[in-house]
Amino acid sequence: MALAEAPGSLGGASRVPGRVRTLSLGSVPPPALILLGIVSVQVGAGLAKHLFERLPPTAVVSIRLLASALVLGFVARRALRTVLRDHSWTSLAVVAGYGLSLAGMNFAFYQSLARIPLGVAVTIEFLGPLSVAIAGSRRPRDALWVLLAGAGVLMLARGGGDADLAGIAFALLAAVGWASYILLTAATGQRFPGTTGLALASIIGTLVMLPGGIATGVAAGGALLDPTLLLIGLGVGLLSSVIPYSLELEALRRVPARVFGILMSLEPAVAALVGLVVLGEILTGRQWAAIGCVIVACAGATRGQKEPPAAPAA
């Protein structure tokens, strides 16, 4: 809470009593909300990578999706009780595809994260939103953004260091998953109110990933049952999904989608910085230049869109 003085109270007794103003998301500037959401996602990814020392990526993905499903399912519990009765099979098929894209995107990203630095993985994955932003565009300058982003990825692929080909391939697969996720987010939002669609998709994604997560976790020596690891996994789910989704939803109520897209273009740079601070991942000058190419391409493509699609949290 913050105590605010009423107007006219300076220099003497006020005729209006002081009012207590409760801090809320509505009082935070939208750019700050977006940046906080980006930092939350990348810190969650950094914590997830720390878990790879004890758990395989598939098990970590399962814990993250389970944490998101539990929280979002609780929020949308009333709507979920009648979801089969209130929606057509077509709508349910759309949200099922949404859940599959959510599971596939996270699985591929964590497999990439286990092999290459966080900043590099996020930079390549960001080609997904870029592709959606320029899909169907007839503007000649968009070809420049495609070439610039392609050059950045090529620099990462040939940059040596920790960027092996398997990690890059998984990051590209995550980019495809993110593009599908964005398109299915729009389709799901038209059929399900509020967070119902996201909650249902999280549950479906969890059911898809959970058997593999349990199997790989058991094969890792039973670490999946370690309370400390489960608690960290819960934190990963909150930081990577629930918190950024809430922040971005509030920001999108007050800023144009174009501005949102431009600010989201900072995510690869934030990922590289979080990788440096949290994971000690030092990138080469060439890798930083490649990240810069993709950031400029994403910002340029988004800036020219009248109503670009907003990229939700990965």
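Quick look at the structure, then. (Residues numbered from 1 in each chain as written. Predicted model: local features only at pLDDT ≥ 70, side-chain atom pairs only at ≥ 80, totals over all residues. Heavy atoms only, no water.)

1. Quick word on the overall build of the protein
Then, in step 1: Looking only at helices and strands, the protein features 14 helices and two strands.
Then, in step 2: Per-residue burial for the protein yields a buried fraction of 48% across its 314 residues.
Then, in step 3: Partitioning the intrachain contacts of the protein with sequence separation of at least 6 by distance along the chain shows that 85% fall at a separation of at least 24.
Then, in step 4: Surface accessibility of the protein: about 14900 Å² in total, with carbon and sulfur atoms responsible for 68%. (Helix = DSSP H or I, 4+ residues; strand = E, 2+ residues; numbered from the N terminus. Buried < 20%, exposed > 50% of the residue type's maximum accessible area, 1.4 Å probe, protein only. Contact = heavy atoms within 4.5 Å. Areas by Shrake-Rupley, 256 points an atom, 1.4 Å probe, with all protein chains shown as cover.)

2. With respect to a nonpolar patch on the surface
Then, in step 1: On the surface, a cluster of nonpolar side chains totalling about 570 Å² of accessible area is made up of Leu273, Leu276, Val277, Val278, Ile282 and Trp288.
Then, in step 2: Per element, the largest residue contribution to the nonpolar patch is four residues, and it comes from helix H13 (residues 267-279).
Then, in step 3: Residue placement: Val278 occurs in helix H13.
Then, in step 4: With relative accessibility at 31%, the residue Val278 sits in the partly exposed group. (Patch = residues over 30% accessible without salt bridge, like charges linked within 9 Å, V, L, I, M, F, W, Y side chains within 5 Å. Salt bridge = Lys/Arg side-chain N within 4 Å of Asp/Glu carboxyl O.)

3. Topic: helix H9 (residues 165-191)
Then, in step 1: For H9, spanning 27 residues, the distance from its first C-alpha to its last is 39 Å, which sits close to the expected 39 Å at 1.5 Å a residue.
Then, in step 2: Among the residues of H9, those classed as buried are Gly167, Ile168, Ala171, Ala174, Ala175, Gly177, Trp178, Ala179, Tyr181, Ile182, Ala187 and Thr188.
Then, in step 3: Looking at the buried side of H9, the elements it contacts are helix H5 (89-113), helix H6 (118-125), helix H7 (127-134), helix H8 (140-157), helix H10 (196-219) and H13. (Expected span 1.5 Å × (residues − 1).)

4. Side note on the pattern of salt bridges
Pairing between side chains becomes possible if they bear opposite charge and their charged atoms approach one another.
Then, in step 1: For the coordinates displayed, the defined rule picks out one salt bridge.
Then, in step 2: Glu281 serves as the salt-bridge partner of Lys49, at 2.5 Å between the closest nitrogen and oxygen. With a gap of 232 residues between them, Lys49 in helix H1 (residues 30-51) and Glu281 in the loop between H13 and helix H14 (285-303) connect regions that are remote in the sequence.
Then, in step 3: The exposure class of Glu281 is buried, given its relative accessible area of 14%.

5. Let's talk about the packing of H1 against H13
Then, in step 1: Here H1 crosses H13 at 40°, and the two axes come no closer than 9 Å. In this view, H1 runs oblique relative to H13, as classed from their interaxial angle. Judged by the twist between their axes, the crossing of H1 over H13 is right-handed. For the pair H1 and H13, the contacting residues are Ile38, Val39, Val41, Gln42, Val43, Gly46, Lys49 and His50 in the first and Glu267, Val270, Ala271, Val274, Val278 and Leu279 in the second.
Then, in step 2: Split by residue class, the contact of H1 with H13 holds nine nonpolar, three polar and two charged. (Axes fitted to C-alpha atoms, helices over the stretch in contact; angles between N-to-C directions. Parallel < 35°, antiparallel > 145°, perpendicular 65-115°, else oblique. Left-handed = near helix turned anticlockwise from the far one by under 90°. Nonpolar A, V, L, I, M, F, W, Y, C, P; charged D, E, K, R; others polar.)

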